[in-house]
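# Geometric and topological summary
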Amino acid sequence: MNRSKRVGTVFIVGAGPGDPRLLTLRAAQLLSQADVVVHDRLIHPDVLGHARRGARLIYAGKEGGGESTRQDDIHRELIEHARLGRMVVRLKGGDPFVFGRGGEEALALAAAGVPWEIVPGVSSGAAAPAAAGIPVTLRGIAASVTFATAHLDTGEPDWRHLASSPTLVLFMGVTRLTQVSASLQAHGRAAGSLAAVVEAGTWAHQRVIDGTLGDIAVKVAAAELGSPALLVVGEVVGVRHALESFVSEPVLARLGQS
Ligand code: SAH
C-alpha cells in the first residue's frame, strides 16, 4: 500500500480572534470532518462545536510546565495521530502563522514526512484593533503597520524600529506594559503618542482602554485588563471615537450595557 495513503493529514487551522462567526468556511468544514482536534486555549466553544460528534478533542494549552517541552509534546502528538491514519485539525487562535508557533509545527510535520496543510485565520493583530474602531493603516495617517511581540523568547525586540513604526501592534505585551512603554519612549516615541489596549477583541466581553504611551500602563493596570490583549500605538488610535458608532455587535452590546 502507498504509504502516503495510510498517513493522515494534519491541517493547521486558524480559529480567528474570538467571535466564532469569524471562523473561515474552510475551517468549519475541516472541523466537521476531522478525527482528532488538537486545540489551544482561548478558542470559543461554538468554534469547537463545529467538530463532528465522536471526534477526539485534545486540549494542548501551554500554561504551566516548560514551554518548549510542551511544544515538542504537541509535535509528537500531531505526528502520532497522523501516522495512525487519522485526519487531524490543529486548531490555533487567530492566524496560525502569526506568533502562534504554527510555523514551528509545520516545520516539525514536514521534517517527519507527515502531510500537512495550512488554513489561514483572521489574526487578532488586525481584528482586535478593528473591533475597537481602529484601522491599523489609514491613508494620510499610517502607511505601514508593524506587528511585533513583547515576548522575549527570541531576544530583545528592535525597539528603535518598533518606536518608529507609524502603527505598532504589540502582541503579548500587556504584562510588560510599563517596560514596553518606557522602552518605546527611550527609543524616540513621544510620551504623548496615542495608545490603546484591546482586551479580548471581538469577544462579547471585549474591553478597550485608550490613552497615551505615557499613561496607558497606569490606566490598564487600574482597569485590571488581562490576557488576551494587545497594544496599539499610533495616530490611528485617534480615529476610534469617530468610528465607534459603526463597529461590530460585541462592542455595541458592551456599550449598551454600560
Ligand atoms: N496567532 C494569534 C496570536 C497568538 S499569540 C493571532 O493571529 O491572533 C497570543 C497573543 O495574541 C495574545 O497574548 C494577545 O496579545 C493576542 N490576542 C489573541 N487573541 C486576541 C484577542 N481576541 N484580542 C486581543 N489580543 C488577542
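Residues numbered from 1 in each chain as written. Predicted model: local features only at pLDDT ≥ 70, side-chain atom pairs only at ≥ 80, totals over all residues. Heavy atoms only, no water.

### Describing the overall build of the protein chain
Of regular secondary structure, the protein chain possesses eleven helices and ten strands. With 258 residues in all, the protein chain has 50% of them scored as buried. For the protein chain, the exposed area adds up to about 12400 Å²; of that, 56% sits on carbon and sulfur atoms. (Helix = DSSP H or I, 4+ residues; strand = E, 2+ residues; numbered from the N terminus. Buried < 20%, exposed > 50% of the residue type's maximum accessible area, 1.4 Å probe, protein only. Areas by Shrake-Rupley, 256 points an atom, 1.4 Å probe, with all protein chains shown as cover.)

### A look at the sheet that holds strand β8 (residues 194-199)
The sheet built from five strands is open, its strands ordered β6-β7-β10-β8-β9 with mixed pairing. Edge positions in the open sheet fall to β6 (145-149) and β9 (207-212), since each of these has one partner strand only. Taken pair by pair, the neighbouring strands of this sheet meet at an average axis angle of 20°, ignoring direction. Sheet analysis places β8 next to strand β10 (residues 229-233), joined by five bridges and oriented antiparallel. Bridged to Val198 within β10 is Leu230. Sheet strands touched by helix α6 (residues 124-131): β6, β7 (167-171), β8 and β10. Its angle to β10, the strand with the most contacts, is close to 75°. Each of β7, β8 and β10 touches helix α8 (residues 177-186); the most contacted strand, β10, lies at about 20° to it. (Pairing = 2+ DSSP bridges. Axes fitted to C-alpha atoms, helices over the stretch in contact; angles between N-to-C directions. Contact = heavy atoms within 4.5 Å.)

### Topic: the pattern of salt bridges
Inspection of the entire model under this criterion finds twelve salt bridges. Across the salt bridge formed by Arg26 and Glu117, the nearest N and O atoms sit 2.9 Å from each other. Note that Arg26 is positioned in helix α2 (residues 25-31) and Glu117 in strand β5 (residues 116-119), a separation of 91 residues in sequence. Residue Arg26 is classed as partly exposed on the basis of its relative accessible area, which comes to 34%. The partner of Lys92 in a salt bridge is Asp40, with the nearest N and O atoms 3.5 Å apart. Residue Lys92 is located in strand β4 (residues 88-92), and its partner Asp40 is located in the loop between β2 (36-39) and α3 (45-48); the two are separated by 52 residues in the primary sequence. Judged by relative accessible area, Lys92 falls into the buried class, the value being 1%. By sharing partners, the salt bridges in this structure join Asp40, Arg90, Lys92 and Glu105 into a single network. (Salt bridge = Lys/Arg side-chain N within 4 Å of Asp/Glu carboxyl O.)

### Looking at α6
Those residues of α6 not exposed but buried are Gly125, Ala127, Ala128, Pro129 and Ala131. Following α6 by one or two positions, Gly133 has its phi on the positive side, about 80°.

### Some details on unusual backbone geometry
It is generally the case that most residues other than glycine have a negative phi and that most peptide bonds are trans. In this structure, Pro228 follows Ser227 across a cis peptide bond, with omega equal to -5°. Tracing the sequence through the fold places Pro228 in the loop between α9 (216-222) and β10. Of note, the phi angle at Thr202 is positive, near 75°, even though the residue is not glycine. Looking at the secondary structure, you find Thr202 in the loop between β8 and β9. Of note, the phi angle at Glu224 is positive, near 55°, even though the residue is not glycine.

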